Amino acid sequence: MSHMTEESGSPGQRRDSIKTAVGNMAGQRRRQQAVSVGKERRDAVVRAKRLCRVDYNDEDGNIVDTDVTMDDDIASLEDQIVCIVEELKSAASFTGKGSFQKKMEVLRRLRRLLSQTSIPPVEIAVQAGVVPILVQCLSFGSANEQLLEAAWCLTNIATGDVDQTRALLPALPLLIAHLGEKSSIPVAEQCAWALGNVAGEGEEFRDILLAQGGLQPLARLLLSNKGSTSRTAAWALSNLIKGPKPKATTELIKMIGIPEAIVRHMQKGDEELATEVAWVVVYLTALSEMHSGLLIEAGLLPPLVGRLASSDQLSLLTPVLRSIGNLVAGDNRKTDAVLAAGNDIPGSVIGAMIKCLESEHRTLKKEAAWALSNIAAGTLAHKQLIFSSGAVSSLLHLLMTATFDIRKEVAYVLGNLCVATVEETGESMAILEHLTVLVNRRCLPGFINLIKSPDIEAAKLGLQFLELVMRSLQNGQGPKLVENEDGIAAMELFQFHENEEIRNMANGLVDKYFGESYGIEEE
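The numbering scheme is per chain: residues are counted from 1 as the chain's sequence reads. Local features in a predicted model are, by the rule used here, given only for residues with pLDDT of at least 70; side-chain atom pairs are given and counted only at 80 or more, and totals for whole chains, interfaces and linings are based on all residues. The side-chain values count all of the structure's non-hydrogen atoms but skip hydrogen atoms and water molecules.

As recorded in an unreviewed UniProt entry, the chain goes by the name Importin subunit alpha, listed as coming from Thuja plicata.

Novice: Provide a residue-level description of the overall build of the chain, including the pertinent values.
Specialist: Each helix corresponds to a stretch of at least 4 residues labelled H or I by DSSP, and each strand to a stretch of at least 2 residues labelled E; elements are numbered beginning at the N terminus. Looking only at helices and strands, the chain features 30 helices and 6 strands. Looking at the chain residue by residue over its 523 residues, the buried ones come to 56%. Contact definition: two residues touch when any of their heavy atoms are within 4.5 Å. Restricting the contact set of the chain to residue pairs at least 6 apart, pairs at least 24 apart contribute 73%. Approximately 21800 Å² of the chain is accessible, and the part contributed by carbon and sulfur atoms is 51%. For every residue, the accessible area (1.4 Å probe, protein chains only) is compared with the maximum for its type, and the residue is labelled buried under 20%, exposed over 50%, or partly exposed between those bounds. Per-residue and other accessible areas were derived by the Shrake-Rupley procedure at a 1.4 Å probe size, with only the shown protein chains allowed to occlude residues.

Novice: Describe empty space enclosed by the protein, listing the residues and the values that go with them.
Specialist: Put simply, the grid is 1 Å and covers the protein atoms alone, a cavity is a trapped set of points that fit a 1.4 Å probe, a pocket is an open set with protein on both sides within 12 Å along at least five of seven lines, and lining residues have an atom within 4 Å of a point. Grid points are joined across faces, edges and corners, and a volume is the space filled by probe spheres set on the points. One pass over the full model with this rule turns up 1 cavity of 30 Å³ or more. Lining the largest cavity, in full, are Ile 176, Leu 195, Gly 196, Ala 199, Leu 209, Gly 214, Leu 218, Ala 236 and Leu 240. Breaking the lining of the largest cavity down by element, the ones donating at least two residues are helix H9 (185–199) and helix H12 (227–240). The element contributing the most residues to the lining of the largest cavity is H9, with 3 residues. Residues belonging to the lining of the largest cavity are distributed by class as follows: 7 nonpolar, 2 polar and no charged. Under this grouping Gly is polar, as are all residues other than the nonpolar Ala, Val, Leu, Ile, Met, Phe, Trp, Tyr, Cys and Pro and the charged Asp, Glu, Lys and Arg.

Novice: Explain the UniProt feature "repeat: ARM" (unreviewed entry) in the chain to me, using residue names and the numbers behind them.
Specialist: UniProt positions are given in the numbering used here, feature names are shortened, and annotations may be inferred rather than shown by experiment. This chain's UniProt record puts "repeat: ARM" (unreviewed entry) on residues 213–240. Summarising residues 213–240: 79% helix, 0% strand, and an end-to-end C-alpha distance of 11 Å.

Novice: Tell me about the nonpolar core, and name the residues and values.
Specialist: What is meant by a nonpolar core is a set of buried Ala, Val, Leu, Ile, Met, Phe, Trp, Tyr and Cys residues, joined one to another through side-chain atoms within 4.5 Å. Among the nonpolar cores identified, the biggest contains 159 residues, and Leu 134, Leu 175, Leu 252, Ile 262, Leu 308 and Met 491 are the most heavily contacted of them. No other element matches helix H15 (residues 271–287), which puts 10 residues into this core. Apart from residues lying up to four places away in sequence, Ile 262 is in contact with Leu 222, Val 277, Val 280, Val 281, Leu 284, Leu 295 and Leu 300.

Novice: For the side chain of Lys 103, give the residues involved together with the corresponding values.
Specialist: Residue position: Lys 103 is located in helix H3 (residues 99–115). Notably, Lys 103 is buried but unbridged: the nearest opposite-charge side chain belongs to Glu 145, and the N-O separation is 11 Å. In this count, Lys and Arg are taken as positive residues and Asp and Glu as negative ones, while His and the chain termini are left out. Within this document, salt bridges are pairs made up of a side-chain nitrogen of Lys or Arg and a carboxyl oxygen of Asp or Glu, the two lying within 4 Å of each other.

Novice: Account for the packing of H12 against H15, naming residues and giving values.
Specialist: Fitting a line to C-alpha atoms yields each axis, with helices limited to the stretch in contact; the angle taken between N-to-C directions then spans 0 to 180 degrees. Relative orientation of the contacting elements H12 and H15 amounts to 30°, with a least axis distance of 8 Å. Taken as axis vectors, H12 and H15 run roughly parallel relative to one another. In this structure, H12 meets H15 at a crossing whose hand is left-handed. Contacts between H12 and H15 involve Gly 227, Ser 230, Arg 231, Ala 234, Trp 235, Leu 237 and Ser 238 on the former and, on the latter, Glu 272, Leu 273, Glu 276, Val 277, Trp 279, Val 280 and Tyr 283. Its residues assigned to classes, the contact of H12 with H15 shows 8 nonpolar, 3 polar and 3 charged. Just so you know how the angles are binned, under 35 degrees is roughly parallel, over 145 roughly antiparallel, 65 to 115 roughly perpendicular, and the rest oblique. Each helix crossing is assigned a hand: it is left-handed if the near helix lies turned anticlockwise from the far helix by less than a right angle, otherwise right-handed if that turn is clockwise.

Novice: Account for the environment of Thr 401, with residues named and values stated.
Specialist: Along the chain, the position of Thr 401 falls in helix H23 (residues 391–401). For Thr 401, the side chain forms a polar contact with the main-chain oxygen of His 397, separated by 2.7 Å. Counting of polar contacts relies on pairs of N or O atoms within 3.5 Å, with two restrictions inside protein: one atom must be capable of donating a hydrogen and the other of accepting it, and residues adjacent in sequence are counted only when both atoms are side-chain atoms.

Novice: Outline the packing of aromatic side chains, listing residues and values.
Specialist: Planes of paired rings set the category: under 30 degrees apart is stacked, over 60 is edge-to-face and the rest tilted, where pairs are Phe, Tyr or Trp rings (Trp by its six-membered ring) whose centres lie within 6.5 Å. Scanning the entire structure with this criterion turns up 2 aromatic pairs. Aromatic pair Phe 447 and Phe 465: ring centres 3.8 Å apart, planes at 5°, arrangement stacked. Remark: Phe 465 occurs in helix H27 (residues 456–472) and Phe 447 occurs in helix H26 (residues 444–451); sequence separation between them is 18 residues. Per residue, the accessibility class of Phe 447 equals that of Phe 465, and both read buried. Here, over-ring charges are defined by two tests on the NZ atom of lysine or the CZ atom of arginine: distance to the ring centre within 6 Å, and angle to the ring normal within 35 degrees. Over the aromatic face of Trp 152 sits the side chain of Arg 111, whose NZ or CZ is 4.4 Å from the ring centroid.

Novice: Residue-level account of helix H10 (residues 203–211), with values.
Specialist: When H10 is considered as a whole, its buried residues turn out to be Phe 205, Arg 206 and Leu 209. All buried residues of H10 lie within an arc of 105° about the axis, which places them on one face of the element. Where the residues of H10 are buried, they touch helix H7 (162–167), helix H8 (172–177), H9 and H12. Among the residues trailing H10, Gly 213 stands out with phi positive, at a value near 85°. The directions from the helix axis to the C-beta atoms are what the arc is built from.

Novice: Provide a residue-level description of helix H22 (residues 380–387), including the pertinent values.
Specialist: Every buried residue belonging to H22 is among His 382, Lys 383, Ile 386 and Phe 387, and all of these are buried. Seen end-on, H22 carries its buried residues on one side only, within an arc spanning 135°.

Novice: Explain the pattern of salt bridges to me, and be specific about the residues and the numbers.
Specialist: Considering all chains together, one arrives at 26 salt bridges under this definition. Note that Glu 105 is salt-bridged to Arg 109, the shortest N-O span being 3.3 Å. Of this pair, Glu 105 and Arg 109 are both found in helix H3, 4 residues apart, which corresponds to roughly one turn of the helix. The class of Glu 105 is partly exposed, set by a relative accessible area of 31%. Look at Arg 109 and you get partly exposed, because its relative accessible area is 27%. For the salt bridge of Glu 204 with Arg 166, the shortest nitrogen-to-oxygen distance reads 2.7 Å. Residue Glu 204 is found in helix H10, and its partner Arg 166 is found in helix H7; the two are separated by 38 residues along the sequence. Owing to a relative accessible area of 33%, Arg 166 belongs among the partly exposed residues under this scheme. Salt bridges linked by common partners bring Glu 87, Lys 102, Glu 105 and Arg 109 together as one network.

Structure, rendered in structure tokens:
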């Protein structure tokens, strides 16, 4: 009973259907488009744009300048910014003795103002005309120290709103150029950070960056074995490829060494690097079966599943779970491969997902239920594997106690556990053993609560489960159990509902199971 949406064009879909008068209980297995994947979940964990605050180290490894804080009021800050921009314009045009030192001193002051205030005065800096001067400071042949300061200023200006980000467009060709192999590593990293912030503004800016050739040099940085370089590149890439169009992800996955680098970082990287790379995996697996297949061939599954089992970090577990959910939303062979990759870890993949279901973090509960619903929509063996694990107790508890969005995801898992498709005919049948156990363990009130919700998808899911119960339980027990839980009243809420499909479904069920002849044989 995987999710049913309008996104019928998503890859990795197929039916796990029950053909009945009340529609398709199992529904379509679906892969959410990367757009919907991206916004809600990513923003909950990390901002799409990041301010660069930390000063770089001196030769002895000591962080310098971090005692500079700006507690002045906003008006004073704005005055300072305007003055500094004017000074920078003068310093940039001055070529006499000491001109470089003067320009660097002004650049550093500007960068500190844009780095170490709680709300950087980005808009004032842009209005004062800072961007053309910073672009000039990025010109080829400039000293690395100057390139780094200018790119840093641009990075933080790009944390502004859409207009400030747009003001940066003239700088993009040089920022991309300084990602090249001849650049120093700190300069390349800072330029990658700036481009990641630009990409984080939205689809328009991603398209401009892609058209200007930003993908390939960022991907090359991902191949680095230096943690900060590959981490920054992965973060910028995840912002660049997160849209609904598969062109960028297809180009990325086909670059030589990229699948292997992703696997290597997932395997050997620290948690921060693995987190950023996992978001790249989220967007790659969300858009194409081919992408998923190439990553699996490169050896992604053991380290991905290993992270799921070993980490307790919400920021890492969120994209790892989402990636696994995408993979098991594909064909059954990929689900088998994911499950097999967990054979060596205590408690298996299902056990690791149960850990997430029982987490205090609602994001993990929802992600784990979504992934389990895709596994539960698979083969009979997949359903039995979940049913025989400890997942059912956790799922039933969540069905009664969790917030609505999690209860809906959980209902998909439980519903999928109770139906199987007969391959020869395509018809669906109830898995009576599972259905009976769940009903005996008081799952009906949870499904009836969904029927009472204003969410049409959830109400339909609840009605389909009631239909399964009333049709399948032996000795005609189904209608009596539904009646005892006030299920008739819940169905009658739809008697005059504006949605024709759900109105007909509910009225049809009431007529069929509680019509004129209901209860006559007992008299």
